[in-house]
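The lines below spell out each chain.
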Amino acid sequence: MPSNHQAFKKQKGWDSTYFLQEAGKIGSHVHAYMEALLKSRPQEQQAYNACRGLLSLASKKQIGPQRLENACLRALNAGIVSYRTIKNMLANNMEKEESGVKSKLPSHKNLRGPEEYK
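Residues numbered from 1 in each chain as written. Predicted model: local features only at pLDDT ≥ 70, side-chain atom pairs only at ≥ 80, totals over all residues. Heavy atoms only, no water.

Novice: Break down the overall build of the protein for me, with residues and values.
Specialist: If you tally the helices and strands in the protein, you get six helices and zero strands. When the elements of the protein are put in sequence order from the N terminus, they spell out α-α-α-α-α-α. Split into buried and exposed, the 118 residues of the protein put 30% on the buried side. Considering only contacts in the protein between residues 6 or more positions apart, those separated by 24 or more positions represent 55%. (Helix = DSSP H or I, 4+ residues; strand = E, 2+ residues; numbered from the N terminus. Buried < 20%, exposed > 50% of the residue type's maximum accessible area, 1.4 Å probe, protein only. Contact = heavy atoms within 4.5 Å.)

Have a look at this one:
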């Protein structure tokens, strides 16, 4: 990073330990999700804005830490790592749904499955 960017980062006190420490205060799933988010980018500094956004979701009154914890657990189980996914899950109340439900299609004898397309 250029020297002026490094100075700004030091001024704010942002680094991976700061974000992981703050996420750990919210919950273990948020902490694990934050770790995955930091590792998902070529440079961890590129994930700082997403990390800040994730932390801000926990402080919002209509969301709160428990909903964020549930959303992070569901996203980790699905293998999806992005701030936008968590934000959309919370906006659509999808963190409450069971992750075991694969499809809402009805069972019918005329519906073909994947074995028909080999």
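Once the structure has been displayed, the description carries forward.
Novice: Give me the nonpolar core: which residues, what numbers.
Specialist: Formed by 25 residues in total, the largest nonpolar core has its most connected members in Met34, Leu54, Leu68 and Ile86. Residue assignment for this core shows that the elements contributing at least two residues are α2 (16-26), α3 (28-39), α4 (48-59), α5 (64-78) and α6 (83-91). A total of seven residues in this core trace back to one element, the largest contributor, which is α4. For leucine 68, the residues in contact, after removing those within four places along its chain, are Ile26, Val30, Leu54, Leu57, Ala58, Ile63, Ile86 and Leu90. (Core = buried A, V, L, I, M, F, W, Y, C linked by side-chain atoms within 4.5 Å.)

Novice: Quick one: what's the story with the pattern of salt bridges, residue by residue and with numbers?
Specialist: The full count for this structure, using the stated rule, is two salt bridges. Residue glutamate 22 pairs with lysine 25 through a salt bridge whose shortest N-O separation is 3.1 Å. Of this pair, glutamate 22 and lysine 25 are both found in helix α2, three residues apart, which corresponds to roughly one turn of the helix. Overall, lysine 25 belongs to the exposed group, its relative accessible area being 60%. For glutamate 95, the salt bridge goes to arginine 67, with nearest N and O atoms at 2.6 Å. Here the residue glutamate 95 occupies a position in the segment after α6, and arginine 67 occupies one in helix α5, the gap between them amounting to 28 residues. You can call glutamate 95 buried: its relative accessible area is 6%. A relative accessible area of 17% places arginine 67 in the buried class. (Salt bridge = Lys/Arg side-chain N within 4 Å of Asp/Glu carboxyl O.)

Novice: Describe the packing of aromatic side chains, listing the residues and the values that go with them.
Specialist: The full count for this structure, using the stated rule, is two aromatic pairs. With a centroid separation of 5.2 Å and 70° between ring planes, the pair formed by tyrosine 18 and phenylalanine 19 is classed as edge-to-face. Judged by its relative accessible area of 31%, tyrosine 18 is partly exposed. On the accessibility criterion, phenylalanine 19 (1% relative accessible area) is buried. Members of the aromatic cluster, connected to one another through ring pairs, are Tyr18, Phe19 and Tyr48. (Phe/Tyr/Trp six-rings, centres within 6.5 Å; stacked < 30°, edge-to-face > 60°.)

Novice: Can you explain α5? Please cite residues and give values.
Specialist: If you check α5, its first and last C-alpha atoms are 22 Å apart, about what 15 residues at 1.5 Å a residue would give, namely 21 Å. Taken together, the buried positions of α5 are Gly64, Arg67, Leu68, Glu69, Ala71, Cys72, Arg74 and Ala75. On its buried side, α5 packs onto α2, α3, α4 and α6. Among the residues trailing α5, glycine 79 stands out with phi positive, at a value near 75°. (Expected span 1.5 Å × (residues − 1).)

Novice: Give me the confidence of the model for the protein: which residues, what numbers.
Specialist: Residues of the protein with pLDDT of at least 70 account for 83%, and the chain-wide mean is 82. For the protein, per-element mean pLDDT is lowest for helix α1 (residues 3-12), which scores 63, and highest for α3, which scores 93. (pLDDT = per-residue confidence, 0-100.)

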